[in-house]
Amino acid sequence: MKIFISTLCLFVTQVLASPQLQCEFALNGHTETQVFKPTVDPYLAESIDIGGRFRFKAVLLASPTQVDSVNLYVSYQTRRQPMILQHAKFIQPVALKTPEANSLTGRIAVYSPFLGKELAYGCSLFEVMS
């Protein structure tokens, strides 16, 4: 009976844990943090504005048992439309039990093509108990 209860508790813990992506951005001396949750449809993930110059989109695709992939897109906002600067893809990354700064990506710097403005960012992938 004791083994059954332990196994049941482990199963419940795994079901209630869900991945979360936390990214920290630095632009023009200003720092902000954004949190991204899993999605089943990558086309529904929306990009966010960073300082009026850049756009960032994180697509965290996950099944109930694992993270399938993380896609990160950085674009420069031109007058007409966003211009993609970077696409990073992580296939089946491991979500950590506790968040550690920049543990998924390391610290990345991307530069605007016209003014040379720097956007620095880093992301962590970790489990959150729901």
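The structure displayed is predicted, hence computed values, not measured ones.

Reading guide: rules and limits
Residues numbered from 1 in each chain as written. Predicted model: local features only at pLDDT ≥ 70, side-chain atom pairs only at ≥ 80, totals over all residues. Heavy atoms only, no water. Helix = DSSP H or I, 4+ residues; strand = E, 2+ residues; numbered from the N terminus. Contact = heavy atoms within 4.5 Å. Pairing = 2+ DSSP bridges. Axes fitted to C-alpha atoms, helices over the stretch in contact; angles between N-to-C directions. Salt bridge = Lys/Arg side-chain N within 4 Å of Asp/Glu carboxyl O. Buried < 20%, exposed > 50% of the residue type's maximum accessible area, 1.4 Å probe, protein only.

J.: Quick question: what am I supposed to make of the side chain of Ser-69 here?
T.: Checked against the element boundaries, Ser-69 lands in strand β5 (residues 67-77). If we ignore the near neighbours within four places in the chain, the residues touching Ser-69 are Val-59, Leu-60, Leu-61, Phe-90, Ile-91, Gln-92 and Pro-93.

J.: Looking at this structure, how should I read the sheet that holds strand β2 (residues 30-36)?
T.: Pairing between sheet strands relies on hydrogen bonds along the backbone, with the strands arranged either parallel or antiparallel. Here we have four strands laid out as an open sheet, ordered β2-β1-β8-β7, and antiparallel in their pairing. Of all the strands in the sheet, just β2 and β7 (108-111) have a single pairing partner and so form its edges. Mean inter-strand twist for the sheet, computed between neighbouring axes without regard to direction, equals 25°. In this structure, strand β1 (residues 17-27) lies alongside strand β8 (residues 118-129), joined through 10 bridges in antiparallel fashion. The residue bridging Ala-26 from the neighbouring strand is Ala-120, located in β8.

J.: Can you walk me through the pattern of salt bridges in this structure?
T.: Close approach of charged atoms allows side chains with opposite charge to pair. All told, the structure shown has three salt bridges when counted by the stated rule. Between Arg-107 and Glu-24 there is a salt bridge whose closest N-O contact spans 3.9 Å. Placement of the pair is Arg-107 in the loop between β6 (82-91) and β7 and Glu-24 in strand β1, with a sequence separation of 83 residues. A residue is classified by how much of its surface remains accessible, and Arg-107, at 41% relative accessible area, is partly exposed. Its salt-bridge partner being Lys-97, residue Glu-127 comes within 3.2 Å of it at the nearest N-O pair. Separated by 30 residues along the polypeptide, Glu-127 in strand β8 and Lys-97 in the loop between β6 and β7 bring together distant segments of the chain. For Glu-127, a relative accessible area of 26% corresponds to the partly exposed category. Owing to a relative accessible area of 66%, Lys-97 belongs among the exposed residues under this scheme.

Limitation: the analysis is restricted to geometry and does not speak to function.
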